[in-house]
Amino acid sequence: MINSIFQKKEYSQIFWSKFILLLLLSLVIIFINSHHDNFIRTKPWLLTLTVPFQWLADSPKQIKFFVEKHFTARTNLLNENRQLKDDYLLLQYRLQQITQLSTENEKLKTLLHASKELPGVVKIGSVTGISPDPQIKEITINRGLKDGVFIGQPVLDASGIIGQIINTSYFSARVLLLTDSNSRIPVEVSRTGYQTIAAGNYIDNLLILLNIPDTTDIKVGDLLVSSGLGGRFPANYPVAKVTMIDRLPAHGFLNIQAEPLAKTAYSRLLLLLFPAMNKKASSDHETGS
Amino acid sequence: MRPEISSWLIWLSFIPAIVLSIIPIPALLEYARPLWSLLFVIFWMIMAPEKVGLFTAWSIGLFMDILTGSAPGQQALALLLSSLLIACMHNRIYRVKFPEQCLFVMYAIIIFQLTYLWVGIITEKIHFNFFYFIPIGTSIIIWPVVFFILDKFCCIYSTKSFTSQ
């Protein structure tokens, strides 16, 4: 019966009209999405459909964690506990210093009549998936609209900025990493205050500084912090460390590579930063900073 | 004889394909990941063409786009074009011996990967890299395994008894 499908004329007509319809539909989707970035992104239910699959794909890792959690030697746990306690003490000590510094800073700011910076609020999330295409550097996290996550929100880990939220569903969100070729972040060299833009690339997990004149004071090992320009990323968070400076005499510009401080592939836990103005998100937060 | 297999079992079999295509693997192997969803779609288009057609292929492609973060329409178009080949050549693909069938499957995989690459490049999602041709090799290597396993799946769950080719 089916072997004669394409001999029958009416079948063939339905087949080809179906094909042309789907072809046009996919071309329209590709076209619209390349011109209006928010076409798919503003529809959270689309991404919500994929959440069960993310859970399934993440389950082997979760099982591994579960096994590790329940079958760890007691001595290991005791050692880890002691280590964590030591770290906690050290961090508490640093916090004391920081509290002192921040009060001092606030006093100085009132002297200068500068505007007060409101402290933001953070929430902890964890990585549930990594994009299978190596050139698309995106990760999925287990926090979504129900936690107040919004598009454009900065995401950090313990050592620096990782990226920003580009797509949200009710239970998950997608993070565009700084190292993606479509990602740009305004940074400044913390030693000199020189401001520039760090861009991701598609070859490796490094950042590239764009259009730096030959005469700029920049060295290997310089720390790059976010400058806060543009208002998307918060100011003064560590981003990357300069690893290579290539001086091309003919160009007049420097070729600079920087290594991001956040180790995305390995860090399971992430911090989602909520700006202080966001009342809705801050009302049900877990940790204040 | 073709197997008579219920639609929901076919849909159920796409779940492992989709999960396999996003499951985390070491970064070095990432370029070599076989195109699981394409292989599963091809199998069902050969075995059950009245149940899995262009629309199924296209919608699975669109779902994969949303799931993996590729440009929307990228995998949908790629799956549509490669399934067009299978649908048009179904008469031959279904009758020929397995090695020749593999050749047709390889053509479909090449069409998929070229379309994926082309759409990715024009939407500036990805850049050209020869590593993108690795999945063609790994997919065609893994195809006999996929075929064998899904064939057994058909044998077990088919409502009519059928003889595998």
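Structure shown above.
Nothing here was measured: the structure is a model prediction, and the numbers come from that model. (Residues numbered from 1 in each chain as written. Chains lettered and ligands numbered in written order. Predicted model: local features only at pLDDT ≥ 70, side-chain atom pairs only at ≥ 80, totals over all residues. Heavy atoms only, no water.)

Colleague: Can you help me understand the overall build of chain B in this one?
Modeller: If you tally the helices and strands in chain B, you get seven helices and zero strands. For chain B, the succession of helices and strands along the chain, N to C, is α-α-α-α-α-α-α. Residue burial in chain B is summarised as follows: out of 165 residues, 58% are buried. Residue pairs at least 24 apart in sequence account for 70% of intrachain contacts in chain B once pairs closer than 6 positions are excluded. Carbon and sulfur atoms make up 74% of the accessible area of chain B, which totals about 6,900 Å². (Helix = DSSP H or I, 4+ residues; strand = E, 2+ residues; numbered from the N terminus. Buried < 20%, exposed > 50% of the residue type's maximum accessible area, 1.4 Å probe, protein only. Contact = heavy atoms within 4.5 Å. Areas by Shrake-Rupley, 256 points an atom, 1.4 Å probe, with all protein chains shown as cover.)

Colleague: Help me understand the nonpolar core, please; the structure alone is not making it clear to me.
Modeller: Within soluble globular proteins, side chains that are nonpolar tend to cluster in buried spots. Counting 64 residues, the largest nonpolar core has Ile42, Phe43, Trp44, Ile109 and Trp143 of chain B as the members making the most contacts within it. The element best represented in this core is helix α2 (residues 36-47) of chain B, accounting for 11 residues. Not counting chain neighbours up to four residues away, the residues in contact with isoleucine 42 of chain B comprise Ile86, Val105, Ala108 and Trp143 of chain B. Counting residues in hydrophobic clusters, the runner-up holds 21 residues, among them Ile161, Leu178, Leu209 and Ile256 of chain A. (Core = buried A, V, L, I, M, F, W, Y, C linked by side-chain atoms within 4.5 Å.)

Colleague: Would you explain the sheet that holds strand β10 (residues 238-247) of chain A in this entry?
Modeller: Pairing between sheet strands relies on hydrogen bonds along the backbone, with the strands arranged either parallel or antiparallel. All names here are of chain A. Taken in spatial order, the six strands close into a barrel running β6-β7-β8-β11-β10-β9, and their pairing is antiparallel. Here the strands of the sheet are splayed against their neighbours by 40° on average, with no regard to which way each runs. Both strand β7 (residues 195-200) and strand β8 (residues 207-213) contribute to a ladder of three bridges, which runs antiparallel. In the strand pairing of β8, glycine 200 is matched with leucine 207. (Pairing = 2+ DSSP bridges. Axes fitted to C-alpha atoms, helices over the stretch in contact; angles between N-to-C directions.)

Colleague: Got a minute to help me understand the packing of α2 of chain B against helix α4 (residues 74-88) of chain B in this structure?
Modeller: The relative placement of two packed helices comes down to the angle between their axes together with the axis-to-axis distance. All names here are of chain B. One way to put it is that α2 packs onto α4 with a least axis distance of 10 Å and a crossing angle of 30°. As judged from the angle between their axes, α2 and α4 are roughly parallel. In the crossing of α2 with α4, the sense of the turn from one axis to the other is right-handed. Contacts between α2 and α4 pair Leu38, Val41, Ile42, Met45 and Ile46 from the former with Leu79, Ser82, Ser83, Ile86 and Ala87 from the latter. Here the contact of α2 with α4 is built from residues that sort into eight nonpolar, two polar and no charged. (Parallel < 35°, antiparallel > 145°, perpendicular 65-115°, else oblique. Left-handed = near helix turned anticlockwise from the far one by under 90°. Nonpolar A, V, L, I, M, F, W, Y, C, P; charged D, E, K, R; others polar.)

Colleague: Looking at this model, I keep getting lost on empty space enclosed by the protein. Mind explaining?
Modeller: By rolling a water-sized probe across the atoms, one finds the places where empty space is left. Within this structure, the stated rule accounts for three cavities of 30 Å³ or more. Quantified by volume, the largest cavity comes out at close to 300 Å³. Around the largest cavity, the lining is made up of 22 residues, and of these Pro132 and Asp133 of chain A together with Arg33, Leu35 and Tyr116 of chain B lie nearest the centre. Taken together, the elements giving at least two residues each to the lining of the largest cavity come down to α2, α3 (54-68) and α6 (98-122) of chain B. (1 Å grid on protein atoms, 1.4 Å probe; cavity = no way out; pocket = protein on both sides within 12 Å on 5 of 7 lines; lining within 4 Å. Points joined across faces, edges and corners; volume = space filled by probe spheres on them.)

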